Amino acid sequence: MHTDDSVATLKPLDADIFWNFVPEEDDGVLTGSAFHFEKGHPIIRKMMTYLASSYHPKEWAYSGPAMIQSVVLKYCRKKLPEPTYPLFLCPEIKVLPKKYLYPYKFADWKRFFLTNVSSSDPIFESYAVHPYNKLSKKEPILVGSDQLYSQIARVHCPLTYAHAVADLEVDFF
């Protein structure tokens, strides 16, 4: 399984769900911040071929979400995925609904840095979160606060959180 280094898992990833999948980030938009394909799955070779022939190092989306969307849809002979679950694009590839990994839309990334988040917030149903590091990398995580991402880091990434706190002389990282 692949996940971007900015993905934080919130609960165990059930192998029945997280097997041969790509996630839906937004309605009809597939992404590559997390995916799994079993060893030898032909889609992996297709992704490698695509990247080898079409790599654009200065365009992060081209080699990530755009590549995943293009290769998977072409492999499955589909134009667009429908936002329903369980959706199998083809017999051996499923699309996970947004709620599993993307409780917030791309444009709503700042919600990770809010305080006093309601217990009914969709993030609490999610298996993992992706705070869109390209956008959020300069946003401070307030150590010891009730800021949502600080709480996620403290609970689900305790070693990293403790290390960050111990190495800093400020109240954010």
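See the structure shown above.
Every value quoted in this text rests on a predicted model; they were computed, and no experiment measured them.

Draft legend 1. Quick peek at the pattern of salt bridges. Evaluation of the coordinates by the stated rule reveals 2 salt bridges. Ionic pairing is found between Lys 105 and Asp 26, a salt bridge with its closest N-O pair at 3.3 Å. Here Lys 105, found in the loop between helix H4 (98–101) and strand S8 (128–129), pairs with Asp 26, found in strand S3 (residues 21–26); they are 79 residues apart in sequence, far enough to count as distant. The exposure class of Lys 105 is partly exposed, given its relative accessible area of 41%. With a closest N to O distance of 2.9 Å, Asp 121 and Arg 111 form a salt bridge. One end of the pair, Asp 121, is in the loop between H4 and S8; the other, Arg 111, is in the loop between H4 and S8, and 10 residues separate them in sequence.

Draft legend 2. Quick look at unusual backbone geometry. Not every positive phi belongs to a glycine, and Asn 20 is a case in point at roughly 50°. Inspection of the secondary structure assignment puts Asn 20 in the loop between strand S2 (8–9) and S3. On the basis of relative accessibility, which here comes to 5%, the residue Asn 20 falls in the buried class. With phi around 55°, Arg 77 is a residue other than glycine that occupies positive phi space.

Parameters at a glance
Sequence order sets the numbering: in each chain, residues are counted from 1 along the sequence as written. This being a predicted model, a pLDDT of at least 70 is required before a residue's local features are given, and a value of 80 or more before pairs of side-chain atoms are given or counted; all residues contribute to the totals for chains, interfaces and linings. The basis for every side-chain value is the complete set of heavy atoms in the structure, and neither hydrogens nor water enter the calculation. By definition, a salt bridge exists where a carboxyl oxygen of Asp or Glu is found within 4 Å of a side-chain nitrogen of Lys or Arg. Runs of H or I in DSSP of at least four residues are treated as helices and runs of E of at least two as strands, each being numbered from the N terminus. When a residue's accessible area, from a 1.4 Å probe over protein chains only, is under 20% of the maximum for its type it is buried; when over 50% it is exposed; and in between it is partly exposed.

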